[in-house]
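Analysis of the macromolecular model
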Amino acid sequence: MRITAFLDIPGQDNLTPLARLEKYAFSENVFNRQIIARGLLDVFRDFSNNEEDFLTVMEIVVRLSEDAEPTVRTELMEQIPPIAIFLQESRPKFPTAFFEYLMPIVVRYLTDVNNQVRKAGQEALLILLEQDLVSQSDIENKVCPILLDLSAPDSDDEYKVEAVNIICKMASMLSRTTVEHLLLPRFCELCSDGKLFQVRKICAANFGDICNAVGQEATERLLIPKFFELCSDSVWGMRKACAECFMAVSYTTSPEVRRSKLSPLFISLISDTCRWVRQAAFQSLGPFISTFANPSSAGLYIREDGTLSIRPSVQDVNSNSCQPSNNVTVIASTANAASCSSEQPMEIKSESSTEETSAEVKVPLSVENLNRDTWEASSDCCMSSGEDLSRLSQDDGVVAGVEVAKDISFPGVTSRLQCSEDVFNTFLYWRPPLPDISQELELLQFKAEKHKDSCSVPCNNCVASSEIKKVLESLQEHIDDPDVQAQVQVLSAALRAAQFDSVGDCETRKMEESSGELQNQTISDQTAVSDATCNQVEEDTLSSSMSQDSISEQPTTSVLKSTDSEQHRGTSVFLKKEQENHPPFEDDKSKLQDIIPQPLLDQYLSMTDPARAQTVDTEIAKHCAYSLPGVALTLGRQNWHCLKDTYETLASDVQWKVRRTLAFSIHELAVILGDQLTAADLVPIFNGFLKDLDEVRIGVLKHLYDFLKLLHADKRREYLYQLQEFVVTDNSRNWRFRYELAEQLILILELYNPNDVYDYLRHIALTLCSDKVSEVRWISFKLVVAILQKFYANNASALGLNFINELVVRFRHCSKWVGRQAFAFICQAVVEEECMPVDQFVEHLLPSLLSLASDPVPNVRVLLAKALRQTLLEKAYFKSVGNPHLEAAEETILALQSDRDQDVAFFATIKLRQNNMDSSPTEKQN
């Protein structure tokens, strides 16, 4: 019934419906005016046939919009969108009615004094924009000017907040030109609004939508600087909102900006002093890394339907091999990424975050480890430049005291250096060669003395050490807080690193000497001279550095020692302490790649650290597991070694939610990695999930077919023995688990040959057919039919006949009526799917099916009647004249029509399907 039906009832006033509408629209009773406003859509439909009456109604609406009661205006505004849609459908009659009468009301309500009316107007405007019912001229000349006035610096605070919210929401609905020219300048001003943090927070929360609306060029030119400001805002809520929308912002930027600017910015957020900011940043870390994905390097791309597809690569990449040319690229990109990640955060935030310091300490070490591991893996005798490492350390504000072995003795070094002209190696020639140290020994000693004098002058790291000590002293009062404890540990490590600055100069000089020795063919003769010289430099350096108060805690002895071992590497005391909490060098080299900035990957890999759960988020491991397929897709299968240990750690996590997340995505990860890596690394984890809790097993089960089809046939066949385990669940009431198993088995049938299906899957199907839950039984009957179809489609008639005989014994002669009913359903499905030849059906199944007509249970006879009338007799085989089996089927139908049970007689009646029977031949002919 219409709300305004009372307008059609003739009353004592003897007024026309239009006059009665006007009477109630301007009644003194507020309720009457509300009723009219609420039923305006019905009123327009009633009066749309007459143009004059329609215009009169429109004038009444305009007058009603000026009602003094806010509830009336709110009811009216809620009806504007459906009225606009109605007018759009009736546009040939009233082409300009909406723009002339209703759109001014919407614009006026944006500045209404009542908050509820304004919000109704804002919601109506967004709906109209979403439905594309507002013209471009109205947007530019009416809507945008109002929003710009409301968001002006001198505007009321409440109006400004609402206007900013509308601007952000409508940006995605407008054209790029309109947003860029009209709204973008004001949005940039609002991002720097120093009066209201609510305004900045709305801007930060919707920053990604604005970037997507204006495109890459405007984002990098105007929005990225504002984004840096918001990420360094003093209010933690702003920084948290920036972390949440980081992926959307990164998506609209170029790869260069993403790597050089946004990556260091994200490191600053992930190292924020506020726990909530760090929590949001870690949750966005995986999605942000996924924006670095490149289909050409990953070998995969995402189709329009969201599925992964393999793109053939030019050459297969072996993830276990380590080629020198590839390693050079890794070194260069890692060094650049580390340098960027340490420089940019200092520009963003004045205070030094503890986690940020920790990240800066680790970056130089990882670069040095990479150089060493690449050196060993490629068996090329060369070292990275000491000058570059020193510069990198200065950029980071921390010097990693990495010392180099004095004695370098590798098999085949001399021969390789002698033939360097014939075989060019970019790793040996990535920078200008160093001078020969052995020929300039006196100059080297002079430099050592000069270095000794310079060490007596206080350095910048001394100041940094004193500042760090002050921060540590201020944190002692709150040492019981877990966050403070984590910050103290990181600051202590930074303090030790700063104290080893003087030692780093000596190590840098020694690395130059070692590089010079590698370029000289007489390595063995010059090693002793170089060792003696560097020892002298080291002793002078240590003696001078001990005079500084800021490094009074530094050990008085050096760690430098020389051995004849082929893989000897000298390390400083600081590096040894770092190694106690980190994997050895052999494991570190597996975490290096050149797809994304290395600090981002290091932070992502640290999400499995138990300390993160205490200081950041208790569910941080779940977020890591959720985004791992995206990170793996970004890195590509050639860099799977970077994530392998993390994936294994997550797979053995104590929280079942983490393992469940991995179980639901393991099939996608298998597509990314390919069959070889899947068999080597994922299959063992997959086997573990099969024996896990039901909450974890269901993730594997839902995509069992998708995973098994990626395996080789021999590997896939091993799971035939384990499929039986899915029938047993922790809770017998968890029937959906068995239902999912039956659905997956229907798909899995195509992966195995008929003999394997008969030997293994047949037993599972028959077990599920006897389940206590009817839903499981019905889907299992379809599985049985699919198995029969598998046999006859592959010319395995003998297996099919054996299976049919088993079905007859197991279900037709079952003592329970449910089994006999199941037999009728299976026969009906066999006929519908045509999964076996008709002659085989009428010979082996039809006699047993017709014998159910004398079953004592009506439910069995009902299903028999349906099978015969709705399916069997509809087939052309049974309609042919002279069919010997048609007479038996018709006799059974006649017997069922006279059945004592009404339902059986009803479903067996010919009239029930007479219309369908008459139309079926016509449909087939068409």
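Residues numbered from 1 in each chain as written. Predicted model: local features only at pLDDT ≥ 70, side-chain atom pairs only at ≥ 80, totals over all residues. Heavy atoms only, no water.

An unreviewed UniProt entry annotates the chain as Putative WW-binding domain-containing protein originating from Meleagris gallopavo.

**Observations concerning the UniProt feature "repeat: HEAT" (unreviewed entry) in the chain**
According to UniProt, the feature "repeat: HEAT" (unreviewed entry) maps to residues 183–222 and 845–868 in the numbering used here. Secondary structure over residues 183–222 splits into 82% helix and 0% strand, and the C-alpha atoms at its two ends are 12 Å apart. The span residues 845–868 is 67% helical and 0% strand by assignment, and the distance between its end C-alpha atoms comes to 13 Å. (UniProt positions renumbered as here; feature names shortened; annotations may be inferred. Helix = DSSP H or I, 4+ residues; strand = E, 2+ residues; numbered from the N terminus.)

**Considerations on the pattern of salt bridges**
Applying the stated criterion to the full structure yields 27 salt bridges. For E244, the salt bridge goes to K240, with nearest N and O atoms at 2.6 Å. In this pair, E244 and K240 both sit in helix α15 (residues 236–244), four residues apart, roughly one turn of the helix. Residue K240 is classed as partly exposed on the basis of its relative accessible area of 25%. One salt-bridge network, held together by shared partners, links R118, E158 and E162. (Salt bridge = Lys/Arg side-chain N within 4 Å of Asp/Glu carboxyl O. Buried < 20%, exposed > 50% of the residue type's maximum accessible area, 1.4 Å probe, protein only.)

**Let's talk about helix α1 (residues 17–25)**
Among the residues of α1, L18, R20, L21 and A25 are the ones counted as buried. Summarising the axial view, the buried residues of α1 lie within an arc of 160°, below the 170-degree limit, and thus occupy one face. Close packing links the buried residues of α1 with α2 (30–38), α3 (40–47) and α4 (51–64). (Arc of directions from axis to C-beta. Contact = heavy atoms within 4.5 Å.)

**A short note on the environment of G208**
On the secondary structure map, G208 appears in helix α13 (residues 207–214). Along the primary structure G208 and T219 are separated by 11 residues, whereas in three dimensions their C-alpha atoms are 9.8 Å apart. Residues in contact with G208, not counting those within four places in the same chain, are C245, A248 and V249.

**Focus: the packing of helix α18 (residues 275–290) against helix α33 (residues 620–635)**
Two elements in contact, α18 and α33, have axes separated by 8 Å at closest approach and are oriented at 5°. Classified by the angle their axes make, α18 and α33 are roughly parallel. Across the interface between the two elements, F282, Q283, G286, P287, I289 and S290 from α18 touch I620, H623, S627, G630, V631 and T634 from α33. Broken down by class, the residue content of the contact of α18 with α33 amounts to five nonpolar, seven polar and no charged. (Axes fitted to C-alpha atoms, helices over the stretch in contact; angles between N-to-C directions. Parallel < 35°, antiparallel > 145°, perpendicular 65-115°, else oblique. Nonpolar A, V, L, I, M, F, W, Y, C, P; charged D, E, K, R; others polar.)

**A look at the state of the cysteines**
For the structure on display, the rule yields zero disulfides. Distance from the sulfur of C188, which forms no disulfide, to the nearest cysteine sulfur (C191) is 6.1 Å. By relative accessible area, which is 10% here, C188 ends up buried. (Disulfide = S-S within 2.5 Å.)

**Here's the deal with the side chain of T646**
Following the sequence through the fold, T646 ends up in helix α34 (residues 644–651). Judged by relative accessible area, which is 4%, T646 ranks as buried. Excluding residues that lie within four positions of it along the chain, T646 makes contacts with L605, T608 and C624.

**A closer look at the confidence of the model for the chain**
Here the chain averages 74 in pLDDT, while 65% of its residues score no lower than 70. Here residues 454–461 scores under 50 on pLDDT; set against residues more than four positions off or in separate chains, the count is eight contacts. (pLDDT = per-residue confidence, 0-100.)

**Thoughts on unusual backbone geometry**
Most peptide bonds are trans, and most residues other than glycine sit at a negative phi. For D132, which is not a glycine, the phi torsion comes out positive at approximately 60°. Along the chain, the position of D132 falls in the loop between α8 (115–130) and α9 (136–150). Judged by its relative accessible area of 64%, D132 falls in the exposed class. Despite not being glycine, E834 has its phi angle at roughly 50°, a positive value. Mapped onto the elements of the fold, E834 is located in the loop between α43 (817–833) and α44 (838–844).

**Notes on the packing of α18 against helix α31 (residues 598–605)**
As a packed pair, α18 and α31 sit with axes 10 Å apart at the nearest point and diverge in direction by 135°. As far as their axial angle goes, α31 and α18 are oblique. In the packing of α18 onto α31, the handedness of the crossing is left-handed. Listed contacts from α31 to F282, L285, G286, F288 and I289 of α18 are L600, Q603 and Y604. (Left-handed = near helix turned anticlockwise from the far one by under 90°.)

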